[in-house]
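# Analysis of the macromolecular model
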Amino acid sequence: MGSTFIVLYLLLQLIPEANTSVGICIPRKTVKYQTGKKNTFMKEGLSNVSTLLVNEESDTLFVGGRDAVFALDLNNISREIAREYWFATQERQLECIRRGKDKIRCQNYILFLHKINDSNLYVCGTNAYHPTCDHMVIHGTNVSLQGRAEESRGKCPFEPTLKYASVFVDGEFYSATSNNFLGTEPVILRSMKNPVRTEFKTSWLNEPTFVNMEIVHESESSPNGDDDKIYVFFTETALEFEFYDKLLVSRIARVCRGDLGGKRVLQRRWTSFLKSRLSCSAPELNFHFNIVQDIFLLRRRKWQDSIFYGIFSPQW
Ligand SMILES: *[C@@H]1O[C@H](CO)[C@@H](O)[C@H](O)[C@H]1NC(C)=O
Ligand SMILES: *[C@@H]1O[C@H](CO)[C@@H](O)[C@H](O)[C@H]1NC(C)=O
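Rules used in this analysis
Residues numbered from 1 in each chain as written. Chains lettered and ligands numbered in written order. Predicted model: local features only at pLDDT ≥ 70, side-chain atom pairs only at ≥ 80, totals over all residues. Heavy atoms only, no water. Domains from an automatic or database assignment. Contact = heavy atoms within 4.5 Å. Buried area = accessible area lost by both parts, 1.4 Å probe. Salt bridge = Lys/Arg side-chain N within 4 Å of Asp/Glu carboxyl O. Helix = DSSP H or I, 4+ residues; strand = E, 2+ residues; numbered from the N terminus. Phe/Tyr/Trp six-rings, centres within 6.5 Å; stacked < 30°, edge-to-face > 60°. Lys NZ or Arg CZ within 6 Å of the ring centre and 35° of its normal. Buried < 20%, exposed > 50% of the residue type's maximum accessible area, 1.4 Å probe, protein only. Pairing = 2+ DSSP bridges. Core = buried A, V, L, I, M, F, W, Y, C linked by side-chain atoms within 4.5 Å. Polar contact = N/O pair within 3.5 Å; in protein donor to acceptor, adjacent residues only side chain to side chain. Near = heavy atom within 4 Å. Areas by Shrake-Rupley, 256 points an atom, 1.4 Å probe, with all protein chains shown as cover. Nonpolar A, V, L, I, M, F, W, Y, C, P; charged D, E, K, R; others polar. Disulfide = S-S within 2.5 Å.

## Some points on the domain arrangement of the protein
Here the domain parsing of the protein yields domain 1 (1-13 + 181-316) and domain 2 (51-159). Relative placement of domain 1 and domain 2: their C-alpha centres are 27 Å apart. If you look at the interface, domain 1 gives five residues, while domain 2 gives eight residues. Surface buried jointly by domain 1 and domain 2 totals about 640 Å² across both partners, of which 72% is contributed by carbon and sulfur atoms. The three residues of domain 1 that bury the most area against domain 2 are F181, L189 and M192, which together make up 85% of that side's buried surface.

The structure is reproduced here in structure tokens:
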């Protein structure tokens, strides 16, 4: 019930959007780049920034880039508080090059930063096509890796430019990415606690490009004991249409947080996995926006009032 509501709501939100003219899309906030106060942070050793994490309690902005995590002052991001480098070892890099990847990609791209508590971050990097996660300890103006690195396939992509999505909820890590070096095994996985994943079958996921993942706490004050849901947004190659070319469709998939997998062959496989097509179109123009580019969840106090906003583009 809860999930149907959200999907429909999203569609209803999007279809009128496509009909209205651009003129009435007034941004809530506009910041001119040229004028006004702006702070920048540029530093030798900081490149390929791919993840940001705000910690409001300590007024810190964590920045994950290639081979490094920087901690910046949230009130003035030009001020660096701390940094920690995390390089792939020489052997890893050589192994990566030997397997045919170019040197620049055989580095450690930090793609995931998550706050566990005020003194601990969970950090994942591609680690020269050998995805790895570790804990990072924050101690005053010092951040350091704990050296508890663990191999993390399925949690973090192998490929630094691959799109992926993940959320961390109370010690459970949900991720949507590729599970192997070649990028041929897409997976939506829960790890760390109660591991469960999708089946490697094209009917579950077919060459997906993941865009976002969100948790909606639908169990909150639920009279019928509804479960929390994880929603995953992606584009994939449609199996349901016969077409002379690859036809892409946007999808929303959901799994239930309480799902512990099935029995026998379904052990450690989602039993609550559902997916549905997301359709965004301008019918009067006969125009279809097949590709979901981004999704943002505007959370409200009551989850029923929360709204997903999506950006879609046409395939051709
Ligand atoms: C990292 O950044 C450099 C410089 O902008 C760029 O040439 C390179 O392609 C980037 N690497 C990846 C994997 O995105
Ligand atoms: C923060 O989390 C880490 C890792 O789970 C744990 O070892 C540590 O005790 C926690 N610290 C606090 C202050 O809760």
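Next, the rest of the story.
## A closer look at the pattern of salt bridges
Counting across every chain of the model gives 20 salt bridges. We note a salt bridge from E199 to R269, for which the minimum N-O separation is 3.2 Å. Here E199, found in the loop between β13 (196-197) and β14 (209-216), pairs with R269, found in the loop between β16 (248-256) and β17 (274-278); they are 70 residues apart in sequence, far enough to count as distant. Salt bridges sharing common partners tie together D170, E172, D228 and R257.

## Examining the packing of aromatic side chains
Counted according to the given criterion, the structure contains 13 aromatic pairs. Chaining the aromatic ring pairs together yields one cluster made of F112, Y122, F168 and F173. Positioned above the aromatic ring of F181, the side-chain terminus of R99 is 3.9 Å from the ring centre. Across from the ring centre of F173, 5.6 Å away, lies the NZ or CZ of K155, which sits over that ring.

## A short note on the pairing of strand β15 (residues 229-237)
Most of β15 sits inside the fold, with nine of its nine residues counted as buried. Across the two faces of β15 the burial is the same, with K229, Y231, F233, T235 and T237 and I230, V232, F234 and E236 all buried. Pairing between β14 and β15: seven bridges, direction antiparallel. Looking at β15, one finds that F210 is bridged to F234. Across nine bridges, the pairing between β15 and β16 is antiparallel. Across the sheet, residue V232 finds its bridge partner in β16, namely A253.

## Quick notes on the nonpolar core
With 19 residues, the main nonpolar core has I188, F210, M213, V232, W270 and F273 as its most contacted residues. The set of elements that each furnish at least two residues to this core consists of β10 (165-169), β11 (172-178), β14, β15 and β16. With residues near it in sequence (within four places) discarded, W270 still touches Y174, I188, L189, R190, V196, R197, T198, W204, V255, C256 and D259. Core analysis: the next-biggest nonpolar cluster, separate from the first, contains 15 residues, V211, V216, Y231 and I252 among them.

## Some words on the side chain of T60
Relative to the elements of secondary structure, T60 occurs in strand β2 (residues 60-65). On the basis of relative accessibility, which here comes to 7%, the residue T60 falls in the buried class. Polar side-chain contacts of T60 include one of 2.8 Å to the side chain of S58. Filtering out sequence-adjacent residues up to four positions away, T60 remains in contact with L53, V54, N55, A71, L72, L74 and I81.

## Brief notes about the site of ligand 1
Residues in close proximity to ligand 1 include N48, Y109, P160 and T161, which together make up its full environment. Contact between ligand 1 and N48: an oxygen atom at 2.5 Å from a side-chain N or O atom of the residue. Isolated, ligand 1 exposes 360 Å² of accessible area, and the fraction of that covered by the protein chains is 45%. Split into classes, the residues belonging to the shell around ligand 1 amount to two nonpolar, two polar and no charged.

## Let's talk about the state of the cysteines
Applying the stated rule across the entire model yields two disulfides. Residue pairing for C96: its cysteine sulfur links by disulfide to C106, the two sulfurs lying 1.9 Å apart. Residues C96 and C106 are joined through a disulfide that is left-handed, its torsion about the S-S bond being -75 degrees. Of this pair, C96 sits in helix α2 (residues 90-98) while C106 sits in the loop between α2 and β5 (110-117), and the two are 10 residues apart along the sequence.

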